[in-house]
Amino acid sequence: MKIMYSMLCLALLIVGCKAEPDNSANELFAKNSETILKSISNWENETPDYSIYAENAVALSTRFGAEVDTVMVLSEESKASDKAFLERFDFKFLNNPPVLLPGVNADTKLPDGSVRYYGAWEVTLSATDSTEAKSGIIKLYNSYDFDANGKIIYQQGYGDYSGIMNYLNE
């Protein structure tokens, strides 16, 4: 009987000392997801908010014929390019609500708070006096990494950017 009580106590001790699971990556993902939802909404409303980016944030240049591998998101050149793009085109995110997915660290393959999504954007070239409005849909994969302060430090997007621009501008 003493052996059974000893085994029971040992089992309770082992179960009682079990460490709580680390949920920090999930909590970080949830927080960073809010930033991405805000970014999607801001792009649709033509009001980009650069305060969500780290000072040294870069975007991977994934379009065909890109002359540089990455661009500094907060450079005046990038901001001017965004402004010109938003003045010329209207954007509507078609996946409502967006499905955001947790990313993983490339080395450890463990969740790290990064955020990614697959989605479709409708891009419209507004009508002018001599042309009608024209729209197309681009399917994208976007991925965002964050620094310790919750700011986007790295972003990349993959889709047929050249194709939709050629279609809208032909």
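This text goes with the structure placed above it.
Quick caveat: nothing in here was measured; it's all calculated off a predicted structure.

(A) The arrangement of the pairing of strand β6 (residues 134-146) in detail. Examined bridge by bridge, strand β5 (residues 111-125) and β6 share eleven bridges and lie antiparallel to one another. In the sheet register, glutamate 122 faces β6, and the bridge partner there is isoleucine 137. Of the strand pairs in this sheet, β6 and strand β7 (residues 152-158) are connected by six bridges, and their pairing is antiparallel. Bridged to serine 143 within β7 is glutamine 156. What sits between the antiparallel neighbours β6 and β7 is a turn of five residues, in which glycine 150 has the positive phi angle 80°.

(B) Local environment of the environment of glycine 103. Of note, glycine 103 is situated in strand β4 (residues 100-104). The exposure class of glycine 103 is buried, given its relative accessible area of 8%. When the C-alpha positions of glycine 103 and glycine 113 are compared, they lie 6.6 Å apart, and in sequence the two are ten residues distant. When sequence neighbours within four positions are dropped, the list of residues in contact with glycine 103 reads Leu110, Pro111, Asp112, Ser114, Val115 and Arg116.

(C) Structural view of the packing of aromatic side chains. Counted according to the given criterion, the structure contains ten aromatic pairs. Considering the side-chain rings of phenylalanine 93 and tyrosine 117, the 5.3 Å spacing of their centres and the 90° angle between planes classify their relative orientation as edge-to-face. A residue pair is termed long-range when its members are at least 10 positions apart, and phenylalanine 93 in strand β3 (residues 89-93) and tyrosine 117 in strand β5 qualify at 24 residues. Taken as a pair, phenylalanine 93 and tyrosine 117 share a single burial class, namely buried.

The rules behind these values
- Residues numbered from 1 in each chain as written.
- Predicted model: local features only at pLDDT ≥ 70, side-chain atom pairs only at ≥ 80, totals over all residues.
- Heavy atoms only, no water.
- Pairing = 2+ DSSP bridges.
- Helix = DSSP H or I, 4+ residues; strand = E, 2+ residues; numbered from the N terminus.
- Buried < 20%, exposed > 50% of the residue type's maximum accessible area, 1.4 Å probe, protein only.
- Contact = heavy atoms within 4.5 Å.
- Phe/Tyr/Trp six-rings, centres within 6.5 Å; stacked < 30°, edge-to-face > 60°.

Spatial relationships are all this shows, so hold off on functional conclusions.
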